[in-house]
Amino acid sequence: METISLARGVPSPECVPAEELADCARSALRDDGAAILSYGGSGGYAPLRRHLAKQHGVAEKRVVLTNGSLQGFALVAQVLAAGERVLVEAPTYDRPLRILGSLGAEVCAVHCDEGGLDLEALELELRRGRRPAFLYVIPTFQNPTGRTLSFVRRRRLVQLAAEYDLLVLEDDPYGEIRFEGEPVPSLFELDGGGRVAYSSSFSKTVAPGLRVGYLILPERLARSVELAASSTYISPVLLSQATVHAFLRRGLLERNLELVRSLLQARRDALVDALDRELAGSGIRWNRPEGGYFLWLDLPDGGNARALLHSAEQRGVSFIAGPDFYPWAGGGRSSARLAYSYASPAQLAEAVRRLAGLLAPAASVELREQHAA
């Protein structure tokens, strides 16, 4: 039986502009090969830094290029978080949780609802305990839920950052992958870059194998992160960064974004349509993201996502169970993240059909009993 993965947020092969990137790489090597095949500055390929600085309206020295945005997070955490208090969303991306745990950080998770981060809960956390090193948020098409923080909540979050002198690290790899609905400004745009640091990546919009991410940081923090980067890998992968720069300079990003949006919307629609068809009336709930890579599924009370995953893998379907996205035991017990970015529409429909067989009332009772045993 074919295994259908709904586990990883990986773009489908059709999303990756391999031929254009190959030509951009050849051009970068021809034009600047001596520089990009040697060691460079720890902040990354200077022409790409300048391009991104102009795009975001900041000084070039505030832009730090990294080997993917997750490494950027790891470097910020290395500088700021060791043994410190860090606020995150609940649920949140699982890998930053692991990084923070490895640094001995005190991770405080702030409740999220269907509208994203609960700002009343955030303010309560800000009023008690040690001052946090930073708040890590993914406000647009969040990983793992696919939810987007509203404009009203974004504005209030920026206000809270100013009131409590809070550094906010906004992770925004999915913001440009909007299928429908009205775009909302980033926290960084609303704040003007005073207390909001910004992180993004070309992994979701161009190609993950390039490993090109970037940070926009306050100048002092940018210098510290560059020093940490230099101690870690001397300089990032300049050939990949020069390839991305050539891709941007040729105006190819928007065309590829249109393709990515079209392909992922068709997949989102296929997954939601299959859920509507197969699981209507089951008591299971799911959202309809307006963009991004992920959808969040909530089982009825008493449901156990890990037990469901175990049975689903035997039927050739994988996903990520909700507890992986919480820093405490028991969080997300009845929830799951379904990634629709890689599997074809037909595969997504088939995956839901298989899951539906496990989520029928009799099968659901059996799953609960197996877990209890």
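So, here's what we can say about the structure. (Residues numbered from 1 in each chain as written. Predicted model: local features only at pLDDT ≥ 70, side-chain atom pairs only at ≥ 80, totals over all residues. Heavy atoms only, no water.)

**With respect to the overall build of the chain**
Across its full length, the chain carries 13 helices and 14 strands. Here the C-alpha atoms of the chain give a radius of gyration of 21 Å, agreeing with the 21 Å that 2.2 N^0.38 yields for 373 residues. Oriented by its inertia axes, the alpha-carbon framework of the chain measures out at about 65 × 50 × 35 Å. Contacts spanning at least 24 positions in sequence make up 74% of the contacts within the chain whose residues lie at least 6 apart. For the chain, the exposed area adds up to about 15800 Å²; of that, 50% sits on carbon and sulfur atoms. Placing the 42 positive and 44 negative side-chain charges of the chain at their respective mean positions leaves the two points 3 Å apart. (Helix = DSSP H or I, 4+ residues; strand = E, 2+ residues; numbered from the N terminus. Rg over C-alpha atoms; globule rule 2.2 N^0.38 Å. Contact = heavy atoms within 4.5 Å. Areas by Shrake-Rupley, 256 points an atom, 1.4 Å probe, with all protein chains shown as cover. Lys, Arg positive; Asp, Glu negative; His and termini not counted. Charge placed at Lys NZ, Arg CZ, Asp CG, Glu CD.)

**Focus on helix α2 (residues 46–56)**
Among all positions in α2, only P47, L48, R49, L52, A53 and H56 are buried. Structurally, α2 contributes buried residues whose contacts are with β2 (63–66), α7 (187–191), β8 (196–201), β9 (213–216), α8 (219–233) and α9 (238–249). At the C-terminal side of α2, G57 shows a positive phi close to 70 degrees. (Buried < 20%, exposed > 50% of the residue type's maximum accessible area, 1.4 Å probe, protein only.)

**What to know about the pairing of strand β14 (residues 335–339)**
Looking down a regular strand, the side chains alternate between one sheet face and the other. Counting buried positions along β14 yields 5 of 5 residues, so the element is predominantly enclosed. Side chains of β14 alternate between two faces, with S335, R337 and A339 and A336 and L338 buried alike. Strand direction decides the pairing type here: strand β11 (residues 294–298) and β14, joined by 5 bridges, are antiparallel. Bridge pairing in β14 places L297 opposite A336. As paired elements, strand β13 (residues 320–321) and β14 share 2 bridges and run antiparallel to each other. Bridged to A321 within β14 is A336. (Pairing = 2+ DSSP bridges.)

**A look at the environment of R85**
Locating R85 in the fold gives a position in strand β3 (residues 85–90). According to the relative accessible area criterion, R85 is buried, its value standing at 3%. Spatially, the C-alpha atom of R85 lies 9.3 Å from that of L135, the residues being 50 residues apart in sequence. Beyond its immediate sequence surroundings of up to four residues, R85 is in contact with E106, C108, E125, R128, G129, R130, R131, P132, A133 and F134. For R85, the side chain forms a polar contact with the side chain of E125, separated by 2.6 Å. Here R128 takes part through its backbone oxygen, which lies 3.2 Å from a polar atom of the side chain of R85. (Polar contact = N/O pair within 3.5 Å; in protein donor to acceptor, adjacent residues only side chain to side chain.)

**Notes on the sheet that holds β14**
Taking strand neighbours across the sheet as the criterion, the 4 strands line up as β10-β11-β14-β13 in an open arrangement whose pairing is antiparallel. Among the strands making up the open sheet, the edge pair consists of β10 (285–286) and β13.

**Description of the packing of aromatic side chains**
Two aromatic rings, taken as a pair, are described by how far apart their centres are and by the angle between their planes. Summed over all chains, the structure comprises 10 aromatic pairs. Relative to W328, the ring of Y326 has its centre 5.3 Å away and its plane inclined at 65 degrees; by these criteria the two rings are edge-to-face. Here Y326 falls in the buried class, since its relative accessible area comes to 17%. Judged by relative accessible area, which is 42%, W328 ranks as partly exposed. Through successive ring pairs, a cluster of aromatic residues spans F188, Y198, F202 and Y214. Across from the ring centre of Y293, 5.1 Å away, lies the NZ or CZ of K204, which sits over that ring. (Phe/Tyr/Trp six-rings, centres within 6.5 Å; stacked < 30°, edge-to-face > 60°. Lys NZ or Arg CZ within 6 Å of the ring centre and 35° of its normal.)

**Some details on the sheet that holds β9**
If you walk across this open sheet you meet the 8 strands as β2-β9-β8-β7-β6-β3-β4-β5, and the pairing is mixed. Lying at the two open borders of the sheet, with one neighbouring strand each, are β2 and β5 (116–117). Taken together, the 4 bridges between β8 and β9 define a ladder with antiparallel strand orientation. Residue pairing across strands places S199 opposite L215, the latter belonging to β9. Strands β2, β6 (134–137), β7 (168–171), β8 and β9 of the sheet are contacted by helix α3 (residues 69–80), whose axis makes an angle of about 165 degrees with β6. Each of β3, β4 (106–113) and β6 is contacted by helix α4 (residues 94–102), which is oriented at about 160 degrees to β3, the strand it contacts most. (Axes fitted to C-alpha atoms, helices over the stretch in contact; angles between N-to-C directions.)

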